[in-house]
Amino acid sequence: MRESVRVDAETPILEAERVSLRFGGVRALTDVSFAVRRGEIFSIIGPNGAGKTSMVNCVSGRYRPTEGRILFEGRDITRMPTRRRAALGIGRTFQNLALFGHMTVLDNIMVGRHHLLRSGFLRGMVYWLGGAQREEIAHRREVEEIIDFLEIQHVRKAVAGQLPYGLRKRVELARAVALRPKLILLDEPMAGMNLEEKEDMARYILDLNEEWGMTVLMIEHDMGVVMDISQRVMVLDFGRKIAEGPPEAVLADEHVKRAYLGEADEAVSEPEEAVA
Amino acid sequence: MELGFFLQLLLNGLIVGALYGVVAMSFVLIYKASQVVNFAQGEFLLVGAWVCWWLLTAWQLPFWAGFLVTLAFMTAFGVILQVVVLRPLIGEPVISVIMVTIGLSIFFQALMKWMFGVFAQPFPSIFAADQVRVLGLEVQSVYLLSLAISVAIMLGFWWFFTYSKHGLAMRATAFDQQVAASLGVSVPRVFAMSWAISAVVSAVAGVVVGVVNGVSSALSFYGIKVFPAVILGGLDSIVGAVLGGLIVGVLENVAQWLDAEVLNWGNMYQIAPFYALILILLIKPYGLFGTEAIERV
């Protein structure tokens, strides 16, 4: 039925169909299905080790699901390499900051433009003749726009690894935005931030969604933020989906309460350490 | 002690050292991009020099044409080597990869001996004047050319990694392959490209040395000389590789002079760099510019 690739407003931008992921005997994900609609902010929440990052890694291409399919704009991308997914329009940030530490902020962001820079090696060598220079100027303009938007003008020439944590998080977001993705995957964009930084980050995410037209798939632990900005929330626990729906409905769900607060018997078996 | 003689040695050291630096740079390039310790780096010089020599003598091509064809050949050589031999080894233990590059080194040495014989062959003469005087010092014209080429290659590297899209992609890949891929960088292509560039640059060095000393299997010894240079500078630093090369070049010449004038121990030319290597590693275990690997336990 969905074999013919037809993209219209109704087609979800991202679908996961019965995705399972096993590492040897460890079941990281079991039979998880969900769909992200075009233009929404969709959050995945759940206790530590619930499989949230594994799910995002399946979408970005870092992991290949053991079973099930991933569809992007109606197209099966389950076996597609990571970089081709990036070229299709899936950008991401990482849970543990993954900036290129020795490079400047500007260079970090320019790597995000990689697949958009068409000039190949040879055209690059005849820099001024082949239009590579013109191309680069256009790219620089857009990169500057992103830098303005995320308010990192003052550090653009700084070495990324030496910036304070909050700024590095913003630079990483800028790099992912530079890809001009249709779908952006944010793995704990607010982890370790203070209240003020969290508010800023929430505003950037909302702007990206509303003004830049990006669909957002986000993992976040801060319930306040999740409830405030997401349209829909999915809850994972021990690799299984236990709830999905609007934030209020999910919060009221009995399974969710149990997963988070833990009943007497489950509290014992709940893993304490984070499994990223 | 004669100042003139000393300066002459210093200059020779810098010229030879610049060549070591170029080879060390191409060694570091492969190590940084694909984490492969390439024991066949010296054979890149050997293959490049023999191919160029063959084009010049058997086909009577003018030097510039033979040189360009050699570079094209080495590009293909590097890519094919990476794709056919090293790509299947991705994810295998480091020791297996090292054994394979040692194997490649032996294979190409034997192949070159089989194809071109075991005797050193001189390049056809390229320059009208063998020697020129620079600031009162006698310098061979090929040495001057070699210095110019080395500096040009270094500038080229600097430009490539600072300004070009592919250079940026390579730096990104060297830092973290997963992250680079998530930004649309093709990691397999970066690997192939790093081997191609490394093979080409080494071949240029091979041709230059071949023009100076003749082509013979001694060229692959440059692959060994690269180790003190690279480890001095730090395995993952391109600037370090250049400096390491210069230091090794100067050390060799100064050691030889000391040996001849004072010590009379013999053969210091060969071993002095390795003494220096051990000393520096005692003080700075990651080399002068290497990244310290910090492990949290």
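Residues numbered from 1 in each chain as written. Chains lettered and ligands numbered in written order. Predicted model: local features only at pLDDT ≥ 70, side-chain atom pairs only at ≥ 80, totals over all residues.

Some remarks on the overall build of chain A
Now for step 1: Along the backbone of chain A there are eleven helices and ten strands.
Now for step 2: Relative to its full complement of 276 residues, chain A shows a buried share of 38%.
Now for step 3: A separation of at least 24 residues holds for 67% of the contacts in chain A among residues at least 6 apart in sequence. (Helix = DSSP H or I, 4+ residues; strand = E, 2+ residues; numbered from the N terminus. Buried ≥ 20, exposed ≤ 12 C-beta atoms within 10 Å, placed from the backbone. Contact = placed C-beta atoms within 7 Å.)

Considering the nonpolar core
Now for step 1: Judged by nonpolar contacts, the single largest core of 156 residues is most densely connected at A:Ala174, A:Val216, B:Val23, B:Ala24, B:Met25, B:Leu45 and B:Ala49.
Now for step 2: Looking at which element gives the most residues to this core, the answer is helix 8 (residues 187–213) of chain B, with 18 residues.
Now for step 3: Each of domain 1 (1–89 + 182–276) and domain 2 (104–180) of chain A contributes no fewer than three residues to this core.
Now for step 4: Setting aside residues up to four positions removed in sequence, A:Ala174 forms contacts with A:Ile109, A:Ile146, A:Ile147, A:Leu150 and A:Ile152. (Core = buried A, V, L, I, M, F, W, Y, C linked by C-beta atoms within 7 Å. Domains from an automatic or database assignment.)

Regarding the interface of chain A and chain B
Now for step 1: Contacts between the two partners involve 23 residues from chain A, matched on the other side by 17 residues from chain B.
Now for step 2: When residues of the side of chain A that touches chain B are traced back to their parent elements, those giving at least two are helix 2 (82–88), helix 3 (105–112) and helix 4 (121–125) of chain A.
Now for step 3: Residue composition of the side of chain A that touches chain B, grouped by class: eleven nonpolar, seven polar and five charged. (Nonpolar A, V, L, I, M, F, W, Y, C, P; charged D, E, K, R; others polar.)

Side note on the domain arrangement of chain A
Residue and element names in this part refer to chain A.
Now for step 1: Parsing chain A into structural domains produces domain 1 (1–89 + 182–276) and domain 2 (104–180).
Now for step 2: Contacts between the two partners involve nine residues from domain 1 and, on the opposite side, nine residues from domain 2.
Now for step 3: At the level of secondary structure, the elements contributing two or more residues to the side of domain 1 that touches domain 2 comprise helix 2 and helix 7 (195–210).
Now for step 4: By residue number, the principal contributor to the side of domain 1 that touches domain 2 is helix 7, which donates three residues.
Now for step 5: Of the residues in the side of domain 1 that touches domain 2, the class split is seven nonpolar, one polar and one charged.

Focus: unusual backbone geometry
All names here are of chain A.
Now for step 1: Within the chain, Glu-151 stands out as a residue other than glycine whose phi angle is a positive 55°.
Now for step 2: Inspection of the secondary structure puts Glu-151 in the loop between helix 5 (132–149) and helix 6 (165–178).
Now for step 3: Glu-151 gets classed as partly exposed once you count the C-beta atoms within 10 Å, which come to 13.
Now for step 4: In this structure, Phe-238 is a non-glycine residue whose phi angle is positive, near 50°.
Now for step 5: Structurally, Phe-238 is set in the loop between strand 9 (232–237) and strand 10 (240–245).
Now for step 6: With 19 C-beta atoms packed within 10 Å, Phe-238 lands in the partly exposed category.

Quick look at the sheet that holds strand 3 (residues 41–45) of chain A
All names here are of chain A.
Now for step 1: Overall, mixed pairing links the six strands, which are arranged 6-7-8-3-9-10 in an open sheet. In the strand order of this sheet, the two ends are held by strand 6 (90–92) and strand 10, each with one partner. Ignoring strand direction, the axes of neighbouring strands in this sheet form an average angle of 20°.
Now for step 2: Examined bridge by bridge, strand 3 and strand 9 share four bridges and lie parallel to one another. Along strand 9, the bridge assignment pairs Ile-45 with Val-235. (Pairing = 2+ DSSP bridges. Axes fitted to C-alpha atoms, helices over the stretch in contact; angles between N-to-C directions.)

Looking at the environment of A:Ile90
Residue and element names in this part refer to chain A.
Now for step 1: Positionally, Ile-90 belongs in strand 6.
Now for step 2: Remark: the alpha-carbon pair of Ile-90 and Leu-185, spanning 95 residues in sequence, is separated by 7.4 Å.
Now for step 3: Excluding residues within four positions of it along the chain, Ile-90 makes contact with Val-59, Ser-60, Phe-72, Arg-85, Pro-181, Leu-183 and Leu-185.

Points about the pairing of strand 10 of chain A
Now for step 1: In this sheet, strand 10 of chain A lies alongside strand 9 of chain A in antiparallel orientation, the contact comprising five bridges. Residue pairing for strand 10 of chain A: A:Asp237 is matched across the bridge by A:Arg240.

Brief notes about the packing of helix 2 (residues 41–57) of chain B against helix 8 of chain B
Residue and element names in this part refer to chain B.
Now for step 1: Between helix 2 and helix 8, the least distance of the axes is 7 Å, while the angle of their chain directions is 60°. In this structure, helix 2 meets helix 8 at a crossing whose hand is right-handed. Residue-level inspection shows Gln-41, Phe-44, Leu-45, Leu-46, Gly-48, Ala-49, Cys-52 and Trp-53 of helix 2 in contact with helix 8, the latter providing Ser-198, Ala-199, Ser-202, Ala-203, Ala-205, Gly-206, Val-207, Val-209 and Gly-210.
Now for step 2: Partitioning the contact of helix 2 with helix 8 into residue classes produces eleven nonpolar, six polar and no charged. (Left-handed = near helix turned anticlockwise from the far one by under 90°.)

Looking at the sheet that holds strand 5 (residues 75–76) of chain A
Residue and element names in this part refer to chain A.
Now for step 1: Ordered in space as 2-1-4-5, the four strands form an open sheet in which the pairing is antiparallel. In this open sheet, the two strands that pair with only one neighbour each are strand 2 (26–36) and strand 5.
Now for step 2: Taken together, the seven bridges between strand 1 (residues 14–23) and strand 2 define a ladder with antiparallel strand orientation. Bridged to Leu-21 within strand 2 is Leu-29.

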